[in-house]
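In case you want the letters, here they are:
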Amino acid sequence: PTFDQSCFDSRLAAVVPSRVTRPKPYHTQPGTTMDVNDSVITTVRLVADYMPDNPLSGPFEASWRYMTEHYTEYQIATWGSLFFHELTYFLICLPGFLYQFLPFMQKYKIQQNKPETWEGQLQCFKLLMFSHFFIQMPLMCGTYHFTQWFGIPYDYDSIPPWYVLGLQILGCFVVEDVWHYFLHRVLHHKNYYKYVHKVHHNFQAPFGAVAEYAHPVETVVLGTGFFLGILIFCTHFVQMWVWGLFRLLETIDVHSGYDLPLNPMHLLPCYTGARFHDFHHMNFNGNYAPTFRWWDKLLGTDQQYKEYCNKLTTKDDKKD
């Protein structure tokens, strides 16, 4: 395809936020050394012309334009975010909730000797409602002021291309994973565990809704990692919702208690998965990372999990 400068500039604006000041070129001899930023931007411009369009852009565009035309930015950022979070959270939890009534799904349950109970699920739901409406909703109210402070747009025409958005979400995952791993380890320290993180570990055999079942302090401390990625990468309001969607998909999956075959989440490199995190709830220690295994592997906090897996393998071999 031919190079379209106007299209290129609009895509560039979506990739590089206007509020970010680009560094001055550092070349010493004009024409011999190119600024690194210019090289990256030029590459993105050339690649952008060859990337396919988002197949969902049609219906999504109509819905987004309708929303921005009929609701204020404050309403979208606060009540819209609350509605989006509640809808996506419980829809994603729904399949896991139904698994307990399907006999053919029980072969995928990790801790088969610890089925879900109505009492436990009701207890989880009550704390979730408190956390969602009295802890998370006030935080969502700050979203509008955040977007105004940094000049983050809401309009459809400013939405970055889907592949740029995908890279931004991946960056959010990496940043959140670092924060969560190390703060999670702090919450397991003997001086803090019984006061805060023990609430989350009330469920030794977790199910999907347990993902956000936590002490208010933990909700704020670990939840900070969610916003760090936004602070670094966000160039449009839509990223907050897309990042929230994928983060919920991940955390509900690892808390589901079911190790399902052909799980698309395992397409993520070094993904932890339900079996990895289920061991953390069963053992209380080790396997601290939420999304990627590399910090546990690098710092040796997956050693007990490896030993556990080796014992299971040896046990299965003896049966054969």
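Fair warning: this is a prediction, and the values are worked out from it, not measured in the lab. (Residues numbered from 1 in each chain as written. Predicted model: local features only at pLDDT ≥ 70, side-chain atom pairs only at ≥ 80, totals over all residues. Heavy atoms only, no water.)

### Details of the confidence of the model for the protein
The condition is simple: pLDDT expresses how confident the predictor is about each individual residue, on a scale running from 0 to 100. Contacts are residue-level and defined by heavy atoms, with any inter-residue pair within 4.5 Å sufficient.
For the protein, per-residue confidence averages 87 on the pLDDT scale, and 82% of positions sit at 70 or higher. In this model, residues 15-34 is a region of pLDDT below 50 whose contacts with residues beyond four sequence positions or in other chains number 23 contacts.

### Some remarks on the nonpolar core
Defined as follows: The nonpolar core is taken to be a set of buried Ala, Val, Leu, Ile, Met, Phe, Trp, Tyr and Cys residues, with the residues joined through side-chain atoms within 4.5 Å. Using a 1.4 Å probe on the protein chains alone, a residue whose accessible area is under 20% of its type maximum counts as buried, one over 50% counts as exposed, and one in between counts as partly exposed. For helices the rule is a DSSP run of H or I covering at least 4 residues; for strands it is a run of E covering at least 2, with both sets numbered from the N terminus onward.
W64, I76, I230, F237, M240, W241 and W243 are the most contacted members of the largest nonpolar core, which totals 23 residues. Elements supplying a minimum of two residues to this core: α3 (57-70), α4 (73-99), α6 (162-187), α7 (216-233) and α8 (238-254). The dominant element in this core, judged by the number of residues it contributes, is α8, at five residues.

### Looking at the packing of α6 against α7
Working note: a packed helix pair is described by the angle between its axes plus the distance between those axes. Filter applied, for reference: Helix axes are fitted to C-alpha atoms over the stretch in contact, other axes to C-alpha atoms as well, and angles between N-to-C directions run from 0 to 180 degrees. Roughly parallel means an angle under 35 degrees; roughly antiparallel means over 145; roughly perpendicular covers 65 to 115; every other angle is labelled oblique. Whether a crossing is left-handed or right-handed is set by the direction in which the near helix is turned from the far one by less than a right angle, anticlockwise for left-handed and clockwise for right-handed. Polar here means any residue outside two lists: the nonpolar Ala, Val, Leu, Ile, Met, Phe, Trp, Tyr, Cys and Pro, and the charged Asp, Glu, Lys and Arg; Gly therefore counts as polar.
In contact at an axis separation of 8 Å, α6 and α7 are set at 155° when each is read in the N-to-C sense. Taken together, the axes of α6 and α7 lie roughly antiparallel to each other. In terms of crossing hand, the pair formed by α6 and α7 is right-handed. For the pair α6 and α7, contact is made by Q168, G171, C172, V175, E176, W179, H180, L183, H184 and L187 and by E218, V221, L222, T224, G225, F226, L228, G229, I230, I232 and F233, respectively. For the contact of α6 with α7, the residue count by class is 12 nonpolar, seven polar and two charged.

### Description of the packing of aromatic side chains
Applied cut-off: Aromatic contacts are taken between Phe, Tyr and Trp rings whose centres are within 6.5 Å, Trp giving its six-membered ring; a plane angle under 30 degrees counts as stacked, one over 60 as edge-to-face, and the others as tilted.
For the structure shown, the criterion picks out 30 aromatic pairs. When the centroid spacing of 5.5 Å and the interplanar angle of 85° are considered together, the rings of W162 and Y163 count as edge-to-face. Accessibility expressed as a relative area gives 38% for W162, which makes it partly exposed. Overall, the relative accessible area of 16% leaves Y163 in the buried class. On the basis of an interplanar angle of 80° and a centroid distance of 5.2 Å, the ring pair of F203 and F207 is categorised as edge-to-face.

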